[in-house]
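An overview of the molecular structure
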Amino acid sequence: MADVEAELRQQFTDAFSGADYPITSQMDLVPTLPDGPGTKFEAGDVTLSAMEMAAKLGSHQDFPYDDVESLVDDVIEGLKTEGII
């Protein structure tokens, strides 16, 4: 599962690094995604769209975020807590 986590972490970092930080909500991330809310993240047997992530991880996020690293850390922790990875 470590490879899946590392691969997803890299995909999230790549996708969200273009956001205009600080970000105050999930909606601030939509313009950075190549396919908007339909953008898919895939690693191993895990596939998630940005929309699915927003729905499942909203309670695990603590906005505002000042940088991509803290956002991605919370996303990864939320995926672990939810048993997705």
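Everything discussed here concerns the structure shown above.
We now turn to the structure provided with this report. Remember, predicted model here, so these are calculated numbers, not experimental data.

Of the pairings in the sheet, the one linking strand 1 (residues 40–43) to strand 2 (residues 46–49) comprises 4 bridges and is antiparallel in character. Counterpart to K40 in the pairing with strand 2 is S49. Where strand 1 folds back on strand 2, the antiparallel hairpin that results is connected by 2 residues, among which G44 adopts a positive phi of roughly 55 degrees.

Let us now look at helix 1 (residues 2–16). Spanning 15 residues, helix 1 covers 21 Å between terminal C-alpha atoms, matching the ideal 21 Å at 1.5 Å per step. Those residues of helix 1 lying buried are V4, L8, F12, A15 and F16. Viewed end-on, helix 1 has its buried residues packed into an arc of 80 degrees, placing them on one side of the element. Turned more than 90 degrees off the buried face of helix 1, the exposed positions are A2, D3 and D14. Considering only its buried residues, helix 1 is in contact with strand 1, strand 2, helix 2 (50–57) and helix 3 (68–81).

Enumeration over the complete set of coordinates arrives at 4 aromatic pairs. Aromatic side chains F12 and F41 sit 4.8 Å apart centroid to centroid with 70 degrees between the ring planes, which places their arrangement in the edge-to-face category. With F12 in helix 1 and F41 in strand 1, the pair connects residues that are 29 residues apart, well separated along the chain. For the pair F12 and F41, a shared accessibility class is recorded, and that class is buried.

Basis of the calculations
Residues numbered from 1 in each chain as written. Predicted model: local features only at pLDDT ≥ 70, side-chain atom pairs only at ≥ 80, totals over all residues. Heavy atoms only, no water. Pairing = 2+ DSSP bridges. Helix = DSSP H or I, 4+ residues; strand = E, 2+ residues; numbered from the N terminus. Expected span 1.5 Å × (residues − 1). Buried < 20%, exposed > 50% of the residue type's maximum accessible area, 1.4 Å probe, protein only. Arc of directions from axis to C-beta. Contact = heavy atoms within 4.5 Å. Phe/Tyr/Trp six-rings, centres within 6.5 Å; stacked < 30°, edge-to-face > 60°.

So far we have only geometry, and geometry alone does not tell us how the molecule works.
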